[in-house]
Every structure is written in C-alpha cells, then in structure tokens.
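Structure assessment
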Amino acid sequence: MANELNLDTKVTLRNLANWTVGFKRIESNGDCSIPAKGTTRVTRNEVIAQVQNGNKLLAGVDNIGSHATVIIQDAPTRVELDFESEDGKKKQRVLTDDVVKTMFEYKTMKTFEKHLEENVVTRAEKFAIIEYVKNLNLNDYEKIRAVEKHTGLKVD
C-alpha cells in the first residue's frame, strides 16, 4: 500500500449474530460491545490488535477472516490484515445476502448443499442464513428444508 494507514481512524464493525457480542479492548481501557445485528466504531489499531491476538469474532475460523462473526466494514483494514487483496482477487469469506441469493440460484441440490456447507459454518451464520431466507423471500421448498436440516433451525 502506497500510503501509510492511519491507525487512529475509527472503522465500523458489524455484528452478524442475533445476539450481543463483545471483547476486552487491548489498545485502550474497557470493553467493546456490539448489539445483535448492530454496529460499533473502534480504532483501526484496536481491530488489528484484536485479530493479531486471535480474537475469533474478527479473525474468523482461520485467522484470515473466514466465517467471522464481526465483519470489518473497512477495506483498507481488511487488506492490511490480509483478509483481502487490494486487487480484489482475494476476498474475505463472509455470509451476505448476495452469497445466499447466489446459492439459491444453483440448479442442482448437490451444488446447493456443497455451497451451504462451505458458506454456513458458525452458529452466527446458521442464524443469519435463516434471516436471509426470510428477508429475501426465498421460496424453494427443497433448499429451505436443506437449510433447516443443516442449521437445526426452522424457517418460520
């Protein structure tokens, strides 16, 4: 990156989960709490410190952001953490409404189920996909039943 990142800049963190999550701050005093499906703003320095210290909420299951419960809404920070590349070839694996829409467009159940298993791993993602199915008005009985079976949750 040509320009040095300003570590004091505040970045937005978005909670994917249907429950409040939080962590003890490393770079300053106190705790950071993010409401269910909500956002908060913290310094870029704090975000980087949390990931470097292995906070799974931000670092995900593999320490490069895959399946993170808390999504960093700042591209330069994601690039700095090597979650993504500047050229866009490497993208953080995050469950979004676009990912869910694309999954439901797959023609075969085998392909759908493969992507369901790859994209919906954590407890937060299991609750999130149920919300996406409802909010996007997805209407494929067989695929919705597969989601329910995979998550152990009902789409009502």
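Residues numbered from 1 in each chain as written. Predicted model: local features only at pLDDT ≥ 70, side-chain atom pairs only at ≥ 80, totals over all residues. Heavy atoms only, no water.

Notes on the packing of helix α4 (residues 97–105) against helix α6 (residues 123–135)
As a reminder of what qualifies: Axes, fitted as lines to C-alpha atoms, cover a helix only where it is in contact. Angles between the N-to-C directions of the axes lie from 0 to 180 degrees. A run of H or I in DSSP becomes a helix once it reaches four residues, and a run of E becomes a strand once it reaches two; helices and strands are each numbered from the N terminus. An angle below 35 degrees is read as roughly parallel, one above 145 as roughly antiparallel, one from 65 to 115 as roughly perpendicular, and any other as oblique. Contact criterion: two residues are considered in contact whenever any of their non-hydrogen atoms come within 4.5 Å of each other. Residue polarity follows a fixed list, in which Ala, Val, Leu, Ile, Met, Phe, Trp, Tyr, Cys and Pro are nonpolar, Asp, Glu, Lys and Arg are charged, and the others, Gly among them, are polar.
At a closest axis distance of 10 Å, the pairing of α4 and α6 adopts a crossing angle of 70°. Judged on the interaxial angle alone, α6 and α4 are roughly perpendicular. Contacts from D97, V100, M103 and F104 in α4 reach I129, Y132 and V133 in α6. Residue composition of the contact of α4 with α6, grouped by class: 6 nonpolar, no polar and 1 charged.

Remarks on the packing of aromatic side chains
Operational definition: Each pair of aromatic rings taken from Phe, Tyr and Trp, with Trp reduced to its six-membered ring, is defined by centres within 6.5 Å and is described as stacked if the planes are under 30 degrees apart, edge-to-face if over 60, and tilted in the remaining cases. The cut-offs for exposure are 20% and 50% of the maximum accessible area for each residue type, with area from a 1.4 Å probe on protein chains only; residues under the lower value are buried, those over the upper are exposed, and the others partly exposed.
The tally for this structure, following the rule as stated, stands at 2 aromatic pairs. Residues W19 and F127 carry aromatic rings whose centres are separated by 5.4 Å and whose planes lie at 85° to one another, so their mutual orientation is edge-to-face. Here W19, found in the loop between β1 (10–15) and β2 (21–24), pairs with F127, found in helix α6; they are 108 residues apart in sequence, far enough to count as distant. Ring geometry for F104 against F112: centres 5.0 Å apart, planes inclined by 70°, an arrangement best described as edge-to-face. Considered together, F104 and F112 belong to a single accessibility category, that of buried residues.

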